Amino acid sequence: MESTSEVSTMVEEPAGGDSLDTMSTEELSINTIRTLAMDAVQKANSGHPGTPMALAPLAYALWTRVMRYNPRNPDWTNRDRFVLSAGHASMLQYAMLYLTGYDLTLDEIKDFRQWGSPTPGHPEYRHTSGVETTTGPLGQGLMNSVGLAIAEAHLAAVFNRPDNEIIDHHTYVICSDGDLMEGASHEAASLAGHLGLGKLIWVYDDNHITIDGDTDLAYSDDAATRFEAYHWHVQDVGDEAGDVDALTEALDAARAERGRPSLIIVRSHIGYGAPNKQDTADAHGAPLGEDEIRLTKRYYGWPEKEQFLVPERALEHMRQAVERGAKDEAAWNEKRTVYEATHPELAAQLEEWLAGVPPAGWDDGIPDFTPDDGPIATRAASGKVLNGFADRVPWLMGGSADLTGSTKTLIGSSGTSSRHDYGERNMFWGIREHAMCAVGTGMALHGGVRPYAATFFVFTDYARPAIRLAAMMGQPVIYVMTHDSIGLGEDGPTHQPIEHLASLRAMPGLTIIRPADANETAFAWRAAIERLDGPTMLVLTRQKLPILNRISLGDADGTLRGAYVLSREGGTTADLILIATGSEVKVALEAQELLEAAGIDARVVSMPSWELFREQPQEYRDHVLPPELGARLAIEAGATQGWLEWVGQHGDVIGVDRFGASAPAAENFARLGFTAANVVERARTLVRAG
């Protein structure tokens with residue numbers, strides 16, 4: 001590897017001319033990208049200028065020579081997708097979006113990283129026109145891109161016909177050393193190679209620099225060999241980051257490879273052209289400084305005192321993307337018109353899949369459960385519910401991280417999606433919880449499919465960053481998380497989620513539903529399918545639970561409102577409210593009977609979803625939890641944190657604020673206080689105190 005001092009000699013002589021007029025239009029455009037990034041970061045006094053400076057030729061090749069997109073219709077169905085997994089280099093993407101004619105202005109470039117600006121520090125989905133996914137945490141964009149490619153492959157397999165390939169586009173990614181160091185990259189690349197996703201192309205910016213310094217400090221992987229072992233098509237173009245023709249040739253070769261995903265390795269020089277900061281960590285995470293910018297612009301042959309200069313010749317050249325994109329989309333629309341005429345049923349189905357709205361009567365096949373059917377674990381009930389409606393929502397696809405039999409998430413009417421048949425709906429993710437959830441987000445971002453992902457609830461620890469970004473982007477991924485508590489018994493505390501409910505309830509935008517029986521599970525699935533503006537997590541039991549008798553108890557459709565009165569008090573006014581979720585609801589019902597015998601009139605509220613309950617009108621919430629009744633006892637086999645919101649200052653919580661134990665489930669519940677007798681004792685204390 002070249003040392004910093006050796007590399008820095010490369011920038012002693014100017015690359016540009018003495019005047020902008022002497023530059024080729026290509027060079028002028030590339031230097032415009034570079035200087036916009038430098039100036040925006042400097043004005044914000046925050047950001048990462050070095051990578052945009054180094055990769056401007058690559059971005060130019062992608063946006064002007066390779067990718068198909070329409071700046072005036074960023075949501076065009078058959079556009080190529082671009083993911084900046086190296087999200088710290090956001091100014092590279094913003095510069096390209098502005099220059100090629102997306103809905104982004106030069107003034108908004110100048111407001112880089114400012115409050116309310118569409119140019120935030122890292123790209124954010126739905127915040128900036130043309131940004132396909134929110135990136136920042138390294139590796140997430142890589143995993144999202146695999147989901148984008150899977151969705152394209154699935155839709156193509158289902159809808160393309162030999163006479164009309166209506167779905168046919170690529171996914172391009174720029175990733176960094178940091179992306180490849182993250183373990184997420186291994187999960188994503190391994191899966192993509194196994195599936196043979198030939199329309200997925202990653203460009204690895206091998207610039208040898210991270211925030212701490214040279215990558216030699218902690219990283220010496222042979223990336224090419226690594227990806228060849230993943231069954232990828234690999235090209236190493238070497239020190240050609242500035243050669244647009246060489247980059248285009250490599251991208252074209254990657255496009256021609258249809259049986260394997262592609263990796264293009266580019267040895268770039270971070271902070272290219274900066275005489276004192278090229279190939280140093282100083283060009284990574286901080287502004288270059290006014291003096292260094294002046295010297296760098298001199299090297300480019302750029303007016304040194306000009307800021308945010310966009311030469312008209314460069315802008316006119318780059319804005320040709322608008323006309324080119326309109327033609328590309330128009331050609332595809334003609335193709336779609338022919339498709340609609342020759343394959344009308346398929347065309348109608350494609351539109352339905354892309355809309356993603358559940359059709360009327362989609363849930364008609366969901367079974368109603370009676371006490372005679374039980375007891376049944378909610379994970380098992382979930383499997384029956386899923387297969388009751390799956391054929392009516394044919395764009396639903398997903399699976400489990402090597403726990404299909406345990407999570408009950410197999411769609412019985414479908415086969416396995418694989419490189420041999422992308423048209424099937426069951427995904428086998430392998431032991432890749434993080435990739436499973438992030439790839440699911442990418443599938444949702446693409447559109448046309450509705451993903452679900454399943455594993456044991458405790459293993460959300462492996463996937464939390466991906467779940468968080470799905471919530472941030474409002475993507476309707478469905479998580480089926482089973483084995484929800486200390487009821488996991490003999491598997492011991494490593495497999496028993498304790499703090500997970502509290503932790504995930506703290507995540508904005510995520511709806512969690514922990515049903516008490518099979519019928520609440522059925523309505524939990526209804527809530528999940530019908531929610532299109534964010535992710536939903538079903539938290540389900542391993543152990544069997546009785547099916548509640550709905551003749552004498554509240555209707556399970558109360559699940560859709562987050563909480564409901566399951567069993568009313570006997571008199572006109574309750575002495576106490578017992579609030580429970582999941583498997584603990586039956587304990588609350590047992591305790592209610594014992595309390596009645598002791599002369600205490602209790603109401604039982606089933607509260608499967610805090611988030612859904614918060615969405616209800618105050619009048620309804622007060623009906624379920626009357627504000628004047630302060631004696632409230634919550635019962636949940638998880639951390640007590642957060643329950644104060646529902647039990648109030650005068651209430652109490654029976655929970656688990658320690659790790660579980662390896663023992664039969666019944667013994668775990670008994671020893672940790674989840675018995676009707678303990679509930680009665682705690683309830684009596686509350687009533688006496690009131």
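Here's what I pulled together on the structure shown here.

About the criteria used
- Residues numbered from 1 in each chain as written.
- Predicted model: local features only at pLDDT ≥ 70, side-chain atom pairs only at ≥ 80, totals over all residues.
- Heavy atoms only, no water.
- Helix = DSSP H or I, 4+ residues; strand = E, 2+ residues; numbered from the N terminus.
- Rg over C-alpha atoms; globule rule 2.2 N^0.38 Å.
- Buried < 20%, exposed > 50% of the residue type's maximum accessible area, 1.4 Å probe, protein only.
- Contact = heavy atoms within 4.5 Å.
- Areas by Shrake-Rupley, 256 points an atom, 1.4 Å probe, with all protein chains shown as cover.
- Lys, Arg positive; Asp, Glu negative; His and termini not counted.
- Charge placed at Lys NZ, Arg CZ, Asp CG, Glu CD.
- Pairing = 2+ DSSP bridges.
- Axes fitted to C-alpha atoms, helices over the stretch in contact; angles between N-to-C directions.

**A word on the overall build of the chain**
Counting its regular elements, the chain contains 26 helices and 20 strands. A compact globule built from 690 residues would reach a C-alpha radius of gyration of about 26 Å, and the chain, at 28 Å, matches this within 12%. The burial tally for the chain puts 61% of its 690 residues in the buried class. Contacts spanning at least 24 positions in sequence make up 78% of the contacts within the chain whose residues lie at least 6 apart. With an accessible surface of roughly 25,600 Å², the chain has 48% of that area assigned to carbon and sulfur atoms. Taken as two groups, the 57 positive and 97 negative side-chain charges of the chain have centres that lie 4 Å from each other.

**Some thoughts on unusual backbone geometry**
Omega for the peptide link from Gly-374 to Pro-375 comes to -5°, which places this bond in the cis form. Within the element layout of this structure, Pro-375 appears in the loop between helix 14 (344-355) and strand 8 (376-377). At Arg-126, a residue that is not glycine, the phi angle is positive and equals roughly 70°. The phi dihedral of Phe-308 is positive, around 55°, even though this residue is not glycine.

**Describing the sheet that holds strand 19 (residues 632-635)**
Here five strands make up an open sheet; going across it, the order is 16-18-17-19-20 and the pairing mixed. Edge positions in the open sheet fall to strand 16 (564-567) and strand 20 (652-654), since each of these has one partner strand only. Between one strand axis and the next, the sheet turns through 30° on average, direction left out of account. Where strand 19 lies against strand 20, three bridges are found, and the strand directions are parallel. Within strand 20, the residue paired with Ile-635 across the bridge is Ile-654.

**As for the sheet that holds strand 3 (residues 200-205)**
With parallel pairing, five strands are arranged side by side in an open sheet as 1-2-3-7-6. The open sheet has two edge strands with one neighbour each: strand 1 (81-84) and strand 6 (233-238). Across the sheet, the mean angle from the axis of one strand to that of its neighbour is 15°, orientation sign disregarded. Bridge count for strand 6 against strand 7 (residues 262-266) is five bridges, and the pairing is parallel.

Remember that the coordinates give geometry; whether it matters functionally is a separate question.
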